[in-house]
Amino acid sequence: MTNVQKLDRREFVKLGAAAGGGLLLGVSFPGSARADALGILTPDGAEVFHPNAFIRLDTDGSLTIWCGKADMGQGVRTSLPMIVADEMDADWSRVTSVQADAHPSKYGRQMTVGSSSVRGGGWMGLRQAGAAAREMLVAAGAAALAVPRSELRTESGSVIHERSGRSLGYGELASAAAELPVPESPRLKSPDQFTLIGTPVPQVDSTPKVTGEATFGIDVRVPGMLFATVAKPMILGGSLERMDEAAARAVPGVRHVVRISSGVAVVADNTWAAFEGANALECQWTGDFTMSSLDITRHNERLLESAGAIAREEGNAGAALAAAAETVEATYEVPYLAHATMEPMNCTAHVQADRCELWAPTQNPQGAQSTAARLTGLPIESVTAHVTYLGCGWGRRSRPDFVEDAVETAMAVGGPVQVVWSREEDMRNDQYRPASMIRFRGAVAGGRLGAFSARVAGPPLGVTDGGGRGGGGVDRNAVDGVVSMTYTIPNLLVDYSRSNVQVPTGYWRSVGPSGNTFMVESFIDELALAAGVDPLEFRLQMLGDHPRMKHVLEVVADMADWGGSVPAGRGRGIGIVEDKGGIVAQIAEVSVDEGEVRVHRVWCAADCGQIIHPGIVDAQLTGSIVTGLTMALYGEITIENGRVVQSNFHDYQMLRMRGMPRVAVHVVDSREDPGGVGEPAVPAIAPAVTNAVFALTGERIRKLPIRLSQEAASGR
Amino acid sequence: MPTYAIRVNGERHQVEAPAEMPLLWVLRDLIGLTGTKYGCGRSQCGACTVQLDGSPVRSCGLRISRVGDRSITTIEGVSVGGLNAVQRAWVAAEVPQCGYCQPGQVMAATALLTENPNPTDADIDEAMSGNICRCGTYQRIRQAIHTAAEEG
Ligand code: FES
Ligand code: FES
C-alpha cells in the first residue's frame, strides 16, 4: 500500500533538493526489509523509504531528531537522540527532540516494550543514521574548503580543517550535504570516541515534568470535546444483560449514554459528571466465570500433579532425583497483579467522515493507529495518532483496548471525546500478570547441586511454541526466568502445564521473570542451605560459564560486604537474574517491625552492556527495585466469584516514601552491546528480600505477597 | 447550578458547578489547569495535591462548595517567573521518570519546606508518604528536598 522504493542517487538528489535547503535523513535498521540501505523523506512526510530514524538539519544549524518510541519515564526522548547526535558529532545544545506520531513504517517498530528502545536493532540503526549524516557533512565540507576529507575532523556541530584553521558549521553545509549520496555503510565510532553516549546530559523533559506543562493523555484538550468514561462488566469476561440509564442521564452534565463493545460509555461535559453518571447507571452484568482465587490455586495445584510439556532438559533429572539419597522439594506461588499505572487508561479521539485523529498515551502507537483504522473503516493514512507522555507504561499500554473505547465513543457522539477510565475501572479491567505456581525438586551432594526440576503451572502469555509432551506446548513467557536460568546444573528439567483460567492476562514489567525469578532464586537458597554452602558461594560455583553474571554477583557482594557483620535484628538475602539483556544482582537487608517486613537497604549491581545515559540507568534500576518491593510486600489481585476484589490504592497498596529503603546502585563498566535497563532490576529483589527474611527469622516465604506467620512476626 | 468564585494562582474564576464537584475536576475540566493530576479520586495517591492557603490538600477530596475564599495554588502557579527552589532541585536531581505524579510531589514538597525549612528524613517520610510514585522516584525526591532545603 505504501510507496516503498529504494532510492538511487539521482532520486535522492531530487528529493534532497526538495527539502527546502535542509538535510532530511532516515535510516533502516538491521533485520528490516532493507537491511543496510539509507533513504530520505520528502518534506511533506510522504514516504519514500522505511527508516527508523528521522533527522532534519536546518541551514541555521538546528537539528531535529524524531523519537519513534513512547516515553513512560525511561527517557527515550533524551537517550535515542543522544545516540544519533553522538555519531553525528552534533552540537547537543542545538538538538530538538520531537515525539513522532504513529506511522506504519517510518520509525521502524514503535511498540515500546521489553526494554527494547535501545538494545537490539534500534541502537545500530540510530548510530548509522548519525554516522551517515556526519559523513555527508564531511564530504560537503571537503568540497567547500577544497581539501581532502582525510584532513577534516568533526566536533560539536562543525567540520574543522585544523591545518588552515578554518571550520564550517553543520548548518552552513546542510544544503550541500543534501545533494550528496547517502553512504551505504558509514563508519561507526569506537566506544572510546563517544562524546555523548555514556554521559549524563540534561534530560530534555525534566523541566516540563516539574512545571505541569508535560501533556499526558489525560491532559489533551481539543476544542469542543466532551469527556467520557466507560462502565464495564464487573464479571471478568462478562457482558451487559440489562441497564437502566435514567439515573445516569439525570446527572447534571451527562449528555449521552451509549453502548460500545466493552460496556457503556457515559459522555458528559466534564470527567466528574461522566464518573457520576457511570456510578448512577444501573447495569446487570452476566458472565459464566465464577472462579475465586482459591479455586485458581487448586486448579494450578492439580496441574502440578502430572508432567507438562518439556521446556528445557539437560542430563537426566528424573533418574538423578530418584537415585538421590535426599531431595529438597517445595512449591511456590505468585498471585495476579494489576499494572496500576499512575495515569489511568485514557484516550482522546476525533472521528470525522474522512479522517480520524487520536491522542493516546500508548506503548503501541502503530496498534492505536491500526485499531482506529479498523473501527472507522478509514485507510490507515487517514488516521493520525499522536503519542502523548505516558503516566507509566508497565506493558499495560501495549494493548489498544482503551483506544477502542475512545474511537467507538467518538463515532457514537460525532465529536471529539476523551475517554478516561476511573481508577476502579482501570484496576478491574486490567490484563493481569498471571498467577502461577512452580513445584521444585533438587538434590545436592558434596555441597553441589546435582539435579534440579521445576514444573511450572500457569496461563500462557503470548508466544507459545507448539507441540511438546503433555500437549499444548510451552509458553515462552510463562517459563521465562526458569528456562533462562544460567546456573550450570548437570541434570535439569523444566516442564510446563498450561492453565486455562479465564482471567485476562498481559505483559507486566519484566513479564515471566517477575514471578518466576522470585520462585527460582528462593528455591536456590533452600538448596544452598541443604548443601550447607553460603548462598553467594553456592551461586558462584554454578556460574563458571557466565563470567559477566559472576562478576556482577561479586560486585554486589563487595558493595554490601557480604559475609561481614550485619546489624543486630537485621537479615540479608541475595538474588540475581539475567533478563532482557541486563544482568542484575541485589542484596536486601530487612528487619521485622511490628509484625511487618521492613526493607532498610538494597545494594544493586548491574551489567547492562554499554549504557547511554547513566542517570537514566540509575533511575530505572532504582525504580525497578520499588516495583519489585511493591510486588513482594503488597502486590495481590484476588478474584471472588469471577470478579476482581481490589479497586483502588487503599486495597492495592504501593510502596510509599516511608517504606523506601536506602538503595545503592553500581553499574559495571561495559562495552558490550546495550542490554535492557527498564526491567531487569525488577525480578531479583523479591527473592533477595524473602531470602533475607529467612536469614533473619528462619521462615521460608513461598508465596507472595509476603505474609509472616505469627511466630516470625513476633520475632519468635 | 450554583456559581462559585474561587481564587486560583492569584486569579479570580467564576465557575458553575454542582456543590459536590471536587476541586480537582473544577481545575482540570472547567478552568483548564491540567497540571494537577487524577490518580485515584479517593485521597490515596496525592497526584491531585494543590495548596490551600499554603497547606497541601488532596483536590480530589475537596468539594468546590468547601473552598470558600481560601487561595488555591496549583503547580501552574507555584513559582513565579521561573522555577522555585524545589523545582530547581527536582530538575538538578532529575527526579521525574514518567512525571505523572510529579506535580503532586512538587506541591507537597514545597508546602513541607515552607512549613519546615529543614526537614529530617523522618519529616520527609511523614509529609511525603501520601504521594505515591509508581515509577519509584522516592530516593531522588528525598535527596532533592534536602538540596532545596540547603539552598533555602
Ligand atoms: S487523585 Fe486525589 S489523592 Fe489520588
Ligand atoms: S514519576 Fe512516574 S509515577 Fe512518579
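Every value quoted in this text rests on a predicted model; they were computed, and no experiment measured them. (Residues numbered from 1 in each chain as written. Chains lettered and ligands numbered in written order. Predicted model: local features only at pLDDT ≥ 70, side-chain atom pairs only at ≥ 80, totals over all residues. Heavy atoms only, no water.)

Attention now moves to the overall build of chain B. A count of helices and strands for chain B gives five helices and five strands. Secondary structure elements of chain B, listed N to C terminal, follow the sequence β-β-α-β-β-β-α-α-α-α. If one aligns the C-alpha atoms of chain B with their principal axes, the spans along those axes are about 45 × 30 × 25 Å. When burial is assessed residue by residue, chain B has 59% of its 152 residues classed as buried. (Helix = DSSP H or I, 4+ residues; strand = E, 2+ residues; numbered from the N terminus. Buried < 20%, exposed > 50% of the residue type's maximum accessible area, 1.4 Å probe, protein only.)

The next subject is the overall build of chain A. Per the secondary structure count, chain A includes 19 helices and 30 strands. When burial is assessed residue by residue, chain A has 62% of its 716 residues classed as buried. A separation of at least 24 residues holds for 76% of the contacts in chain A among residues at least 6 apart in sequence. (Contact = heavy atoms within 4.5 Å.)

On to a negative patch on the surface, then. Residues and elements named next belong to chain A. Taken together, Asp534, Glu537, Glu554, Asp558 and Asp561 make up a surface patch of like negative charges. With respect to the helices and strands, Glu537 occurs in helix H15 (residues 535-541). According to the relative accessible area criterion, Glu537 is partly exposed, its value standing at 41%. (Patch = residues over 30% accessible without salt bridge, like charges linked within 9 Å, V, L, I, M, F, W, Y side chains within 5 Å. Areas by Shrake-Rupley, 256 points an atom, 1.4 Å probe, with all protein chains shown as cover. Salt bridge = Lys/Arg side-chain N within 4 Å of Asp/Glu carboxyl O. Lys, Arg positive; Asp, Glu negative; His and termini not counted. Charge placed at Lys NZ, Arg CZ, Asp CG, Glu CD.)

Attention now moves to the domain arrangement of chain B. Residues and elements named next belong to chain B. Along its sequence, chain B is organised into domain 1 (3-78) and domain 2 (79-151). A C-alpha centroid distance of 20 Å is found between domain 1 and domain 2. Taken together, the contact pairs 18 residues of domain 1 with 15 residues of domain 2. Carbon and sulfur atoms supply 58% of the area buried between domain 1 and domain 2, which totals about 1,300 Å² over both sides. Broken down residue by residue, the surface that domain 1 buries against domain 2 is led by Lys37, Ile75 and Val78, which jointly contribute 36%. Put simply, domain 1 and domain 2 have seven residue pairs in polar contact (both at pLDDT 80 or more) between them. Mapped onto the side of domain 1 that touches domain 2, the elements with two or more residues apiece are strand E3 (49-52) and strand E4 (55-58). No other element matches the three residues that E3 contributes to the side of domain 1 that touches domain 2. Here the side of domain 1 that touches domain 2 is composed, by residue class, of seven nonpolar, nine polar and two charged. (Domains from an automatic or database assignment. Buried area = accessible area lost by both parts, 1.4 Å probe. Polar contact = N/O pair within 3.5 Å; in protein donor to acceptor, adjacent residues only side chain to side chain. Nonpolar A, V, L, I, M, F, W, Y, C, P; charged D, E, K, R; others polar.)

This next bit is on the nonpolar core. One finds Phe452(A), Val689(A), Ile64(B) and Trp90(B) to be the most contacted residues of the largest nonpolar core, which totals 169 residues. Excluding residues within four positions of it along the chain, Trp90(B) makes contact with Val210(A), Val95(B), Pro96(B), Gln102(B), Gln105(B), Val106(B), Ala109(B), Ile141(B), Ala144(B) and Ile145(B). (Core = buried A, V, L, I, M, F, W, Y, C linked by side-chain atoms within 4.5 Å.)

For the rest of this paragraph, the subject is the sheet that holds strand E21 (residues 448-458) of chain A. All names here are of chain A. What the five strands build is an open sheet, ordered E14-E24-E21-E20-E15; its pairing is mixed. Each having just a single partner strand, strand E14 (309-314) and strand E15 (328-334) make up the two edges of the open sheet. Mean inter-strand twist for the sheet, computed between neighbouring axes without regard to direction, equals 10°. Sheet analysis places E21 next to strand E24 (residues 491-498), joined by eight bridges and oriented parallel. Looking at the pairing, Ala451 lines up with Asn491 of E24. Lying over the sheet, helix H14 (residues 512-531) contacts E15, strand E20 (436-445) and E21, oriented at roughly 155° with respect to E15. (Pairing = 2+ DSSP bridges. Axes fitted to C-alpha atoms, helices over the stretch in contact; angles between N-to-C directions.)

This part is about the sheet that holds E4(B). All names here are of chain B. Strand order in the open sheet formed by five strands is E2-E1-E5-E3-E4, and the pairing between neighbours is mixed. The sheet terminates laterally at strand E2 (11-16) and E4, the two strands that pair on one side only. On average, adjacent strands in this sheet sit at an angle of 40° to one another, irrespective of strand direction. Here two bridges tie E3 to strand E5 (residues 71-73), and the two strands are oriented antiparallel to one another. Its bridge partner being in E5, Gln51 is matched across the sheet by Thr73.

This part is about the pairing of strand E17 (residues 356-360) of chain A. All names here are of chain A. For E17, the tally of buried residues reaches four of five residues, placing the bulk of the element in the interior. In the sheet, strand E16 (residues 346-351) pairs with E17 via four bridges, with the strands oriented antiparallel. In the sheet register, Val351 faces E17, and the bridge partner there is Cys356. Counting the residues between successive antiparallel strands, the hairpin from E16 to E17 contains four residues. As paired strands, E17 and strand E18 (residues 383-387) are joined by five bridges and run parallel to one another. Paired with Glu357 across the bridge in E18 is Thr384. Each parallel crossover has a hand, and the one from E17 via helix H10 (residues 365-376) to E18 is right-handed. (Right-handed = clockwise from strand over helix to strand, strands pointing away.)

This paragraph deals with the domain arrangement of chain A. All names here are of chain A. Examined at the domain level, chain A breaks down into domain 1 (9-210), domain 2 (217-287 + 345-420) and domain 3 (304-336 + 432-713). Contacts between the two partners involve 21 residues from domain 1 and, on the opposite side, 18 residues from domain 3. Taking both partners together, domain 1 and domain 3 bury about 1,400 Å²; carbon and sulfur atoms supply 66% of that area. Inspection of the region where domain 1 meets domain 3 yields zero salt bridges. The tally of links between domain 1 and domain 3 comes to three residue pairs in polar contact (both at pLDDT 80 or more). With four residues, the top contributor of residues to the side of domain 1 that touches domain 3 is helix H2 (residues 76-88). Here the side of domain 1 that touches domain 3 is built from residues that sort into ten nonpolar, ten polar and one charged.

Residues and elements named next belong to chain A. Within helix H7 (residues 271-280), seven of the ten residues are buried, which leaves it mostly tucked inside the rest of the structure. Residues of H7 that are buried include every one of Thr271, Trp272, Ala273, Ala274, Phe275, Gly277 and Ala278, and no others. For H7, the N-terminal capping position is held by Asn270, with its side-chain oxygen 3.1 Å away from the main-chain nitrogen of Trp272.

The subject of this paragraph is the environment of Thr110(B). Residues and elements named next belong to chain B. Residue position: Thr110 is located in helix H3 (residues 102-115). In sequence terms Thr110 and Pro56 are 54 residues apart; their C-alpha atoms lie 8.8 Å from each other. Setting aside anything within four residues of it in sequence, one finds Thr110 in contact with Gln51, Val78, Asn84 and Val86. In terms of polar contacts, Thr110 uses its side chain to reach the backbone carbonyl oxygen of Val106, at 2.6 Å.

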